[in-house]
Structure formats: structure tokens, C-alpha cells
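So the chains spell out like this:
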Amino acid sequence: MATEILTLTNVSRIYGKEATKVLALTDVSLSITKGEFVSIVGPSGCGKSTLLNLMGALDQPTRGAVHFDGNSLGEMSRGELTDLRLQKFGFVFQAFNLLPVLTAAENVQFVLQLLGFSRRERQSKTTEVLDALGLADVADRPATELSGGQQQRVAIARALVGEPVLLFADEPSANLDSTATRELCELLRQINTDRGITIVTATHDPLVMGYTNRSISLEDGRVVEDKSNP
Amino acid sequence: MKHPLLSRVSLIYSLSVRNLWRQRRRNTILLVSVICAITGVVVLNSLIRGMQLQMVDQVVYNLNGHITLHAPDYRSDPAITRAFIEDSNEFERKLESLNLAGWATRIKIPAVVMSERETRGVQIVGIDPVQEHISIVADLPIEGTFLVDSADNRIVLGRALLTQLRTKIGHRIVLVMQDINSKSIEVGFQIAGVYDSDSEGMEKHVVFVGKDALQQFLGSESITELSLRFNTRLIPPNGLETISHAFPNLEVVDWKNIDPILAFMYESVNAMVYVWLAIVFTALVFGLMNSFITAVLERTQEIGLCKSMGMKSSLVLYQVVTESLIIMFLGLIGGLLLSWGVLQLLGDGIDLSAFAAGVEMLNLAPKIRPAIVWQDINIVIVATVFLALVASLYPAIRAVRLDPLVALRD
Amino acid sequence: MFTLTIAWRNLWRNKRRTILTCSAIAFATVLIQLGMSFQVGSYGPMIEGATRFGSGHLQIQHQDYKDEPKLERTIPNSKYLLTNLTIIPNVTAVAPRSESFALLNNEEKSYGAMIIGVDALSEFEVSYLPRNISEGEYLPTSDSAYTGTILAKNLGLKLGDEIVLLSHDNLGGIAASVPILTGIFTSGNDQLDRSLVQIPIETFNDIYQLEDDVHRIVIMVENPLDLDSTKKMIGRILPPSTRVYDWRELMPEISQNIRLDKISNGIIYGTLTIIVVLSIANTFVMSIFERTREFGTLRALGMKNFALFRMFLTESIILWLLGVSIGITVTILGNVPLAHYGIALSSLGVDQFAGQFYLPDRLHPHIDINVLLVAPLALGVGICTTSMFAAARMYRISLTKALRFKE
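No experiment lies behind these values; they were computed from the predicted model shown.

## A few points about the overall build of chain A
So, step 1. The helix and strand inventory of chain A stands at seven helices and ten strands.
So, step 2. Here the C-alpha radius of gyration of chain A, 18 Å, is about what a compact globule of 230 residues would show, namely 17 Å.
So, step 3. Dimensions of chain A, computed from the C-alpha atoms along their principal axes, are close to 50 × 45 × 40 Å.
So, step 4. Counting only residues that meet the buried cut, chain A has 54% of its 230 residues in that class.
So, step 5. A sequence separation of at least 24 residues applies to 70% of the contacts in chain A between residues at least 6 apart.
So, step 6. Here chain A displays about 10,200 Å² of accessible surface, and carbon together with sulfur accounts for 46% of that area.
So, step 7. Separation between the mean location of the 22 positive side-chain charges and that of the 28 negative ones in chain A comes to 3 Å.

## As for the overall build of chain C
So, step 1. Regarding its fold elements, chain C presents 15 helices and 13 strands.
So, step 2. The C-alpha atoms of chain C give 31 Å as radius of gyration, which overshoots the globular expectation for 407 residues (22 Å, by more than 25%).
So, step 3. Overall, chain C is about 100 × 45 × 30 Å in size when its C-alpha atoms are taken along their principal axes.
So, step 4. Every one of the 407 residues in chain C was classed for burial, and the buried ones make up 57%.

## Notes on the side chain of Thr82 of chain A
So, step 1. Tracing the backbone shows Thr82 of chain A in helix H2 (residues 78-88).
So, step 2. Here Thr82 of chain A is in contact with Arg299, Gly302, Met303 and Lys304 of chain C, once residues within four sequence places are set aside.

## Concerning unusual backbone geometry
Residue and element names in this part refer to chain A.
So, step 1. Unlike most non-glycine residues, Asp69 shows phi in positive territory, near 55°.
So, step 2. Mapping Asp69 onto the fold places it in the loop between strand S4 (63-68) and strand S5 (71-72).
So, step 3. One non-glycine residue, Glu163, lies in the positive phi region at around 50°.
So, step 4. According to the relative accessible area criterion, Glu163 is exposed, its value standing at 54%.

## Regarding the interface of chain C and chain B
So, step 1. Taken together, the contact pairs 58 residues of chain C with 57 residues of chain B.
So, step 2. When the two sides are added together, the surface that chain C and chain B hide from each other amounts to roughly 4,900 Å², 66% of it contributed by carbon and sulfur.
So, step 3. On inspection of chain C and its partner chain B, the count reaches one salt bridge.
So, step 4. A salt bridge links Glu72 of chain C to Arg166 of chain B; its shortest N-O distance comes to 3.6 Å.
So, step 5. Summed over the shared surface of chain C and chain B, the number is five residue pairs in polar contact (both at pLDDT 80 or more).

## A word on the sheet that holds S4 of chain A
Residue and element names in this part refer to chain A.
So, step 1. One open sheet holds the four strands; their spatial order is S2-S1-S4-S5, and the pairing between them is antiparallel. Both edges of this open sheet fall to strand S2 (22-33) and S5, since each of them pairs with a single strand only.
So, step 2. Alignment of strand S1 (residues 4-15) against S4, held across five bridges, turns out to be antiparallel. Within the sheet, the bridge partner assigned to Thr7 lies in S4 and is His67.
So, step 3. Where helix H1 (residues 48-55) meets the sheet, it contacts S1, S2 and S4, and its direction lies at approximately 55° from that of S2.

## Thoughts on the pattern of salt bridges
So, step 1. Scanning the model with the defined rule gives 37 salt bridges over all chains in all.
So, step 2. Residues Arg404 of chain C and Asp170 of chain A are paired through a salt bridge, measuring 3.2 Å at the closest nitrogen-oxygen approach. Here Asp170 of chain A lies in strand S7 (residues 166-170) and Arg404 of chain C lies in the segment after helix H15 (399-403), a pairing that spans two chains.
So, step 3. With relative accessibility at 45%, the residue Arg404 of chain C sits in the partly exposed group.
So, step 4. The partner of Glu123 of chain C in a salt bridge is Arg97 of chain C, with the nearest N and O atoms 2.7 Å apart. Taken together, the positions of Glu123 of chain C in helix H4 (residues 120-126) and Arg97 of chain C in strand S2 (residues 91-105) put the pair 26 residues apart, joining distant regions of the chain.

## A few points about the interface of chain C and chain A
So, step 1. In this assembly, 22 residues from chain C lie in contact with 30 residues from chain A.
So, step 2. Between chain C and chain A the total buried area reaches about 2,400 Å² when both faces are included, carbon and sulfur atoms providing 62% of it.
So, step 3. The tally of links between chain C and chain A comes to three salt bridges.
So, step 4. For the interface between chain C and chain A, the tally reads nine residue pairs in polar contact (both at pLDDT 80 or more).
So, step 5. Among the secondary structure elements, those contributing two or more residues to the side of chain C that touches chain A are helix H1 (2-13), helix H11 (292-301) and H15 of chain C.
So, step 6. Of all the elements, H11 of chain C adds the most residues to the side of chain C that touches chain A, at seven residues.
So, step 7. Residues of the side of chain C that touches chain A, tallied by class, amount to ten nonpolar, five polar and seven charged.

## Description of the confidence of the model for chain C
So, step 1. The predicted model of chain C has a mean per-residue pLDDT of 87, with 95% of residues at 70 or higher.
So, step 2. Predicted as a complex, the structure gets a pTM of 0.82 and an ipTM equal to 0.89.

## Side note on the packing of helix H2 (residues 15-55) of chain C against helix H10 (residues 252-290) of chain C
Residue and element names in this part refer to chain C.
So, step 1. In contact at an axis separation of 10 Å, H2 and H10 are set at 170° when each is read in the N-to-C sense. By the angle class used here, H2 and H10 are roughly antiparallel.
So, step 2. Here the contact of H2 with H10 is built from residues that sort into 18 nonpolar, seven polar and four charged.

Here is what the cut-offs are and how they apply
- Residues numbered from 1 in each chain as written.
- Chains lettered and ligands numbered in written order.
- Predicted model: local features only at pLDDT ≥ 70, side-chain atom pairs only at ≥ 80, totals over all residues.
- Heavy atoms only, no water.
- Helix = DSSP H or I, 4+ residues; strand = E, 2+ residues; numbered from the N terminus.
- Rg over C-alpha atoms; globule rule 2.2 N^0.38 Å.
- Buried < 20%, exposed > 50% of the residue type's maximum accessible area, 1.4 Å probe, protein only.
- Contact = heavy atoms within 4.5 Å.
- Areas by Shrake-Rupley, 256 points an atom, 1.4 Å probe, with all protein chains shown as cover.
- Lys, Arg positive; Asp, Glu negative; His and termini not counted.
- Charge placed at Lys NZ, Arg CZ, Asp CG, Glu CD.
- Buried area = accessible area lost by both parts, 1.4 Å probe.
- Salt bridge = Lys/Arg side-chain N within 4 Å of Asp/Glu carboxyl O.
- Polar contact = N/O pair within 3.5 Å; in protein donor to acceptor, adjacent residues only side chain to side chain.
- Pairing = 2+ DSSP bridges.
- Axes fitted to C-alpha atoms, helices over the stretch in contact; angles between N-to-C directions.
- Nonpolar A, V, L, I, M, F, W, Y, C, P; charged D, E, K, R; others polar.
- pLDDT = per-residue confidence, 0-100.
- Parallel < 35°, antiparallel > 145°, perpendicular 65-115°, else oblique.

Okay, here's the thing in C-alpha cells:
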């Protein structure tokens, strides 16, 4: 029996005050099972990112509850949420969001330092993950000098190196060409199958959707379809 | 229909205002620093100017006048032998064309005063009380009575000297001085009254007697100085030359040259005002430059877009310069208002009585009252506009030189 | 280690801004430090001059003499006291002085002046006046006199002439003597040069019938900073109805001018610091604003608020250190030649009255630890405070907004 690691119960997210109120998500309930590779799809403005941010503990729902491993995120302090993100979650962003002043390797090491690893461990783990992702050659290049595909792979390396339970990717292919997108999807699938890391990605790219084994469709902040991909 | 130039100016203006508002946090800080700088300059300079003008008042008022005239060798050896004839009609005729508050003739010579038990050195000042409405003499608080007229053969001395001499009003004291034949003479005076002064030095060293009475004792009809005071705060232009011309045989000394320390301090204030302005505005220019460089960098894409669409990028240049001018203008208004407020608070003056002895040594007034000199304010205004242009032009010119392709890619 | 690397590289990401900000810090540092070094450099000589030409570091007088100097208000048993004073630690020299106002006569003129009875040998140790001799010898015999140039000129006296001194003695009689002018001094202070005659104290006390009593005992100490404890110790051995004063009490104009100078300069330095700190605050605000997304990413990745703040503070501190070290270097490099050669006061146009303030011909700026630290510390406090305020933005903006922030 597969275990549910992330559960959303009647979650709504409202932005703004009375007059300018925007209902970004309305009454969403769903759960993510360990080992899944899930895509959240829909037109832009449908609430994909909002949903992803709520799942990733980057934002709090206006109503409803999010549980991770049986614990309610709403009852955690800011510090606990920060620790949760650091230790259990990995993030990949649309614009890569690498630290421009650091090299590829340093971007990865940085997370390990936050996790409290020793210098030696940091180095060996970084080399390992960069090798695995085919980034050994560019390890010492500044992040700003890498191509988009390379940057996104460094971002994935950064997300992976802390050995997260869940990996969130918000429009990871938005800034990539189709070749790079295909490589990225292969990589994500490989991570999902080989390392057993659960992946949730928000995307409007059918190519990415095709790689995932479950698609949740959103429209105007509501779930309109939730289907498994064969 | 608006004139095209006018509509262009109003477009630039409204774009600039919007850009300033977009970065209101940063620009508020910028504005605050400009206000601080301008307030710092205006308030401090008003205080310095106040000090300077009070210094003048003090000296002019203190038995010197704006200009004093002496026999040529009097200053190196003040004695009745180095005097000149008092000819009131001639003085009147020569001085009537000038805008004078008045003039006074005096005899100032050194003397030694002896009471029953003590001996002190003093300066004896023979005056005609009627003429002394132009000097501090008219305002000295007196215990007892002051001299009635020029023929009054009594003496008025300072409180500190009275204490030192251990004598009283109504008692007699003896003054030793040299007469017209350079012979030491001893003259007894009855003490008519005692004056109080802010200056302990004056109380200890200056004694007043009637001028005519003193002339009789000295066996001379001459005076040692003619002192003039103008109706204006400073000597009017050409005032000094006119007087030198009218009295070719006398040494003409303006108030500045009575004391070299005074002249130096007076002149150095003029420099100090500008040095301070330069320092503050230099400190300010770093922050301004930084801000406007960033303002240009932020708009790199905008500039690139303009260029690639064939629009003149000078539009952006004008915007940045306008932004700088707006900030500096607001800062100027804010700074001047704040200065006005601070100066109102200080209105009564800064009391330096805790430093009385030191203040006297520096020729300062015991209370500094700020004085606004409009010329200084004008210079602040000019400097502000200049700074606004300097700080924004460099970044703006860089923006114009930007390669549109590079700009778009960024 | 990462904090430092990231902070350092971030600073150089915007070179021009960092250079401008450092320059502003260095500018304020140098200006304040140079100003202070000249202040400190002038106070020392001013105090030294004032004590050496005037009061001495400490002075013993009859308790009422300062307010009303009367001839009979003397320190009794001065010889005994003088011996005892030399045993007190920190005291390096003591000298007795008696004084009275007198009328000076030559054939045709008379002037008033202070007649001071001094012990020639002791006076050499406490005062600069004997060293400022321009003609003749310093009180070689019991009937010699030493006066200032201006007084000698006013009286038309030259070396070897007789001076007729007239005043009242202690018993109300006429005190008269006719010493011979054997030495003339030029101190540069007109007041002293115009109104002072020194004669040997034995002669003085004979004329004025003072026996062994004196009016003042002038005391110099080894370490002027330790004046208060020495003053206290002297207080314990004083004869009744006498008092010990320090130079600040005897010459309030000097200490007041120093205080006034410190306060007015403090206001100037403060204003300058505020303006520079505000300029820097502005760059912090810009730099935080530009990196909104970056800071958002770090928070998303699991960096704690405090760690994030520390990272930004590190940048500010590096900036401060850079600016301040440039400033200190410039100050020191500029000060080495200045301190060595000094600045001729004549080049500032103030030489003609420097003596009035007891200043020497050349002013040597002086750097001490205060001069070096005050400006940097004030700037440091300002920079850290404003950097905290600027950093508040990192937390005010919501994480989700920060992550999507476009510059």
C-alpha cells in the first residue's frame, strides 16, 4: 500500500483584501503519494504556482490544511517550516534562481553548508551529484556563464544534494528549448525512478506532462481533472 | 493644442515623477539626506555668521566705533603728547556727508590708579557723555551716578576694579599719569559711580572721566581719538577712503585692524562658510551618484527598447536629470524649511555663558544669535542645482552611450 | 566561510557602487581624523604653553587670594612646604612666587606692571619665561630685574638701566626699590611682554616686608593626566587657610576654549557622519531591493532569517572595513610628514597672535587612539544600524512574491 506523504484538505488561498480580492485556489483537496511524479497543469493564472507554493511550505493557505507526513504545516513555526524546506524539500524554479556570485559547485555546496555538513563531506557529495548530472566539466564556472539547460541542471543538483523527500519544480522548462526540456524531463524521471524521490511540477508544457505519471488539471483555482498517465 | 516642446517637457516631467515614486523608499532616503545636508549647512552657517556679525557689533560698540582716527604715532605709544586738536566745526563739516550714527572725541591714555591700599594699571578714558550715545557707555548699568558732562571732574570705574582697590563710591582715588610735558602727575578723583559689564577685562581696566576736566589736568586741549559709528552694521563701501581723504594727517583705523585676532577670525569666517558647504556637498555627491547610476542601470532595457525603436535615448537622459533636479529641489525646500524651524528654536541664541572666560578671549558674544545672510543661502541654492546636474549627468551620459543590443540582452 | 565569500563577491558585483560607497566612508574618516589630529595637536601645546607661561599645572595660594589678591594673603612657612612638596610622587618641580602691582618710573614715563618675586633656579624648571630671554642674563644678582620687550620699549629702557619701582608694602608703607635691568624676554604673548617684571624673591620679600611668606607656589608634574590624585595628595599637607588649584581653575579661558572647540567640532563631525551614513543607507536599500529574488531563493532553500541577515550584515561590515582602512591609511600617510615637520602657523596667517593662545610657531598634528577610532566607530554604528533597517525589507515581502520578483 502506497503511503500518502502530502495531503491538502479543503485548501483555499485568497490574495488581497475585500475590494481587490482574488481567489487563487478554491477548496482544493488532494494527496500526493510517495514515489509519484505529478504534474499540475492548466492555463496561466489558473493557480498552479499557488498550489505548488502551498505544498512546498512557501506560503500558507487562507483556509484548509496542508499535512506533510501527518504533521499540519499550519501549526509549525516559521523556523520549523524553514527547517522542513531545508531537510525534506527540494526546489527548482522557472528562472533557475542560482546565486550569481557563486560557481556551479558552490551553489550546490551552499545547501550542504546550511545542512551542517563538514567541508570534506560537502566536497564529496557535490562532486558526486554534479558527476551524476553530467556537470563535472562546468563545476567551477560561475553560474552566470552557464547555458540555460546547464543552469537548470545545477539547480536540480542543488535541490537533490540534500536528499529531499519531495522535489518541487515550478515551470522548470519555461526558459529552455525543446532539446534541453527533453533532457531535463529524462533527468527528472530518472531521479524519480532511481532515487525514489517524489516530484511535483507545475507546467503548461505538454512535453513535460507526458513524462509524468499523474496530471492534476486546474482551472480558475479548482481541480477539474486528476488522472493517471499510463 | 499644446506646443510640442511643452508637451515633451511635461511628458518627461510626469515620467520622472512616476519613476521617483516607483522607488519611493530609496528616494525618500535620498531626500532625507539632502534635507539633512542643506539644514546642516544653513544652520551652521547662520550660527557662524551670527558669531561673526556679533563680533563686529561687539568691537564697534566697545569704545572703538567703526573707524577711529589717531595721531600717526599714537598707537605705538599712547600718550597725550601724541594727540591732535579737537575742532568740532571742522569735524562736523567733514563728516556731514556720511551716513553716521554719530562721532565721539576721546582721550585714552594709560594711568596707574591708587587707593588707600592698592595699586592697579588702567586705561583712563576722557569722554564727553553727550557724544557717547554711539558706544557701550550709554548702556552701562551704573550704580551711583555717571558723569554729568565733559567738565565733570569725578570718575566712574568698573565693579571689578572697585573691589580690587577696596574702595567705595564717594571715596577718592589717585591716578598717576603723564601730562603734556611728560611729567608724572597725581590727580585725585572722587568716585561718582560704578559700572557693570559682561567683560571682566573692561571692568578691571577701563575708567571714565570727563574729557574737559582731564584736558585741564593734563594741560592740553587735544584729544587722542576721534571715533565714528555708521548707521549701517558694516562700514559702507568707500567709507574708509572718504575718511582717509578728509583727514590726511591722521591715522585711520577700521574696527578690523584694532586687533589682529579679530581681523583673522572675521576673515576666516568667510572662508569657513564655503569650506563647510564644500565638505557637506562632497559627502552628499557619493550617495547621489550611486542612486542615479542605479536609476540608469535599472532602466537599461527601457533604454535599449527606445534605441531599437529608433527613439532618441536623450529622453532617458532628460528623465534622469529631471529626477535629480526634482529631488534636489524638494530637498532644498525641505532643508530650508527645516533650517528655518531649527533657527526659530535657537532664536533666542545659544547661551555660551558656561564658557564666559573663553568666549571673552575669542572676542565672541556670550550668546550666539544666528544670522541669515541671503548671499549664503543663494550660494546653497546654486550649489544644489549644480550638484543635481553633476550627480545625474555622468550616469545619464553613460546611458546614452549604451549599445542597444547589449541593453536589450541584459 | 560561505557567508564571507558570498558577501565579498556580492560587493564586487557592483564595482562602481562599492567604490563610491567606500570613498564616502573614507572621505568622512579622513576629514574627521585630520580635523581631530589638529585639535589634539593644538590642545597639548596650548595647555603646555599656558601652564609653562602662566599658572603651572598646580598652584598653591591663600584660599582668598584668587578672588581678591591682597598682599597680606600669603602662604606661611613656604620653605617648609616647598621641601615637603618635592617628596610627593608625580611632582617634578616647584617654585615660589610673590607678586604685587607697582608703578614703574624712568626719567619721563611711568607704567603700571606686575612685579613678581621669583627664585631664579626653580623658575627655570617650571617656566619657559627664563628660556625666552632675548637679551642679557636671567636674574644674576639680587638687585637685577627681568622684563618683557614691550615693557622695556615703552619705558625706553636698555640693559644696565635702573628701574624705579613704587608701591605699597605689607604694612601700608611705601615700597620702593631700584633694580637694574639685566635681562629682557620675548614670549610672544603681548600681555606678558607688556606687563611683567621679575626680580629675585629675596629682594621682593625684603621690599614688601613679607619675610618667608609667598603668594603662590607653582607646581609642575610628570604626568598631567594624573593631576587629580596629585592634587588630592598635596591637599593633605597644606597649611591652614591655603588651597591648591589646577590650571583649569586658574585659567578657565583655556579649558573653556578647548571644551568649546570640542563641542563645535563635534557638531560638525556629527553632521558629516549623518550625511554619509544616509548615503550609505541608500545603497543598502538599493542593494536589498535588487536582490529581492535572490534573498527569496535563499529563504526558500531553507536559510534561516538570522543567517540571511548575518550575510547581509557581513557585506556592510566589509564595506565599512574597506572604507575605514583606506581612510585610516590616508590619515596616517598624510599625518606622518605633517606630524614630523608640523604646519607653520604663519602659513595659516595666525602666527601674529598664536602667542595669545600660548601656541608654538609650528603646529604638529597628533594622532592618538581616540583620533583613529572615533570616526570609524561612529560610522560603524551608523552603518550597522541602517543596514539592519534596510534588511527588514527581506522579511517584509512575502516569499512567493520575492521568488517571482523581477527587477
